[in-house]
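Inside the fold
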Amino acid sequence: MKKMKVCKAVFPAAGLGTRFLPATKAQPKEMLPLVDKPIIQYGVEEAMASGCNQILIITGRGKQAIEDHFDVSYELERMLEERGKTDLLNIVRSISDMIYVAYVRQKEALGLGHAVLMAREMVGHEAFAVLLADDVIDAKVPCLKQMVEVFNEKQCSVLATQVVEGEMISSYGVLDVKPVDSRFGDRLFEIKNMIEKPKLEEAPSNLAIIGRYILTPGIFDALAETPTGAGGELQLTDGMRLLLQKEKMYAYVYEGRRHDTGDKLGFLKATVEFALKREDLGEPFREYLKGLKL
Ligand code: G1P
């Protein structure tokens, strides 16, 4: 059988962003900047660096700024050109030149599983990636690329996972896994079961699902049969549990540092860390931080 490749990346971005009100009243949360780049662009760049050349963004009402961001901005480009601001012009152009982006609108925010199901027509019978833009992962080898390596070998769905200690585990999908022998060492597990946002005492392990998935197209049939779950929403985790009855699935402990930018504290931490790493800002920002009387 011909090997499947991962060329398409889906970004669910229809969520209302209530955790960031009032900033997200008239602006999509995906467009909040980490230093000077919108959160979603980090994810799109990761997908591209991992071999995906088609990006599908699932949007909703009030998300037009995302479409404008990845589109050509003629007025801005002309102005920068006239003023000879070539560096900025290149940055602006590189965003719209980046990739082929398509949009599907999710009319109602009915859950992550529902958002992924919206991608069915565009994805067709291919394996594809799902990236939750809130999870910004800083890694030497892009997180999704690490997972694509696993996928290329196993040809099965692969979920990113990391250890989350204590009560916080209840904010995640949680995995029950068994070790497998593979060249990926103790980073790769076979998934036995998974549960969305369990109570601490019901969590099958401390391995949380992180917002990077490679899924086989079987997920669409599974999601179509999945009943509404926690919070009255169609949960991706519930759909994947159904898929697990038909196909093997793997969990991969990626190498890298994840920032939960959907959380205010996580967002602030990410901002500081990314700013400190910048060539142009790192030094003066470090000096400034040192001078704060903490
Ligand atoms: C979603 C998923 C959850 C996953 C998490 C990762 O939850 O439902 O399984 O662990 O993303 O960030 P949310 O953060 O949207 O509540």
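Just so we're clear, the structure is a prediction, and the values are computed from it rather than from any experiment. (Residues numbered from 1 in each chain as written. Predicted model: local features only at pLDDT ≥ 70, side-chain atom pairs only at ≥ 80, totals over all residues. Heavy atoms only, no water.)

Digging into the packing of aromatic side chains
For the structure on display, the rule yields 5 aromatic pairs. For the pair Tyr42 and Phe274, a centre-to-centre distance of 5.2 Å together with 75° between the ring planes defines the contact as edge-to-face. Of this pair, Tyr42 sits in helix H1 (residues 39–49) while Phe274 sits in helix H10 (residues 264–277), and the two are 232 residues apart along the sequence. Accessibility expressed as a relative area gives 15% for Tyr42, which makes it buried. For Phe274, a relative accessible area of 13% corresponds to the buried category. Ring geometry for Phe184 against Tyr252: centres 6.2 Å apart, planes inclined by 85°, an arrangement best described as edge-to-face. Here Tyr252 lies in strand E12 (residues 249–253) and Phe184 lies in the loop between strand E9 (173–179) and strand E10 (188–196), a separation of 68 residues in the sequence. On the basis of relative accessibility, which here comes to 11%, the residue Phe184 falls in the buried class. On the accessibility criterion, Tyr252 (6% relative accessible area) is buried. (Phe/Tyr/Trp six-rings, centres within 6.5 Å; stacked < 30°, edge-to-face > 60°. Helix = DSSP H or I, 4+ residues; strand = E, 2+ residues; numbered from the N terminus. Buried < 20%, exposed > 50% of the residue type's maximum accessible area, 1.4 Å probe, protein only.)

With respect to empty space enclosed by the protein
Considering all chains together, one arrives at 1 cavity of 30 Å³ or more under this definition. Here the largest cavity defines a volume of roughly 60 Å³. As for the largest cavity, its lining consists of Lys8, Ala9, Val10, Gln54, Ile55, Leu56, Tyr100, Ala102, Met122 and Val123. At the level of elements, strand E1 (8–12), strand E4 (54–59), strand E5 (100–105) and helix H6 (120–123) are the ones that each hand at least two residues to the lining of the largest cavity. Here the lining of the largest cavity is composed, by residue class, of 8 nonpolar, 1 polar and 1 charged. (1 Å grid on protein atoms, 1.4 Å probe; cavity = no way out; pocket = protein on both sides within 12 Å on 5 of 7 lines; lining within 4 Å. Points joined across faces, edges and corners; volume = space filled by probe spheres on them. Nonpolar A, V, L, I, M, F, W, Y, C, P; charged D, E, K, R; others polar.)

As for the packing of helix H3 (residues 74–82) against helix H4 (residues 86–97)
The interhelical angle for the contact between H3 and H4, taken along N-to-C directions, is 155°, at an axis separation of 9 Å. When the axis of H3 is compared with that of H4, the two are roughly antiparallel. Seen from above, H3 lies across H4 with left-handed handedness. In this structure, H3 contributes Leu76, Glu77, Leu80 and Glu81 to the contact, and H4 contributes Leu88, Leu89, Val92, Arg93 and Ser96. Taken together, the residues that form the contact of H3 with H4 break down as 5 nonpolar, 1 polar and 3 charged. (Axes fitted to C-alpha atoms, helices over the stretch in contact; angles between N-to-C directions. Parallel < 35°, antiparallel > 145°, perpendicular 65-115°, else oblique. Left-handed = near helix turned anticlockwise from the far one by under 90°. Contact = heavy atoms within 4.5 Å.)

Regarding the site of the ligand
Inspection of the region around the ligand gives 13 residues, with Asp135, Gly173, Glu196, Lys197 and Ile209 positioned closest. One of the backbone N or O atoms of Ile209 is found 2.6 Å from an oxygen atom in the ligand. When the free accessible area of the ligand is taken as 380 Å², the share hidden by the protein chains comes to 76%. Given that more than half its atoms are within 2 Å of the pocket grid, the ligand belongs to the largest pocket. In terms of residue count, the dominant contributor to the shell around the ligand is strand E11 (residues 207–215) (3 residues). Grouping the constituent residues of the shell around the ligand by class yields 5 nonpolar, 4 polar and 4 charged. (Near = heavy atom within 4 Å. Polar contact = N/O pair within 3.5 Å; in protein donor to acceptor, adjacent residues only side chain to side chain. Areas by Shrake-Rupley, 256 points an atom, 1.4 Å probe, with all protein chains shown as cover. Sits in = over half its atoms within 2 Å of the grid points.)

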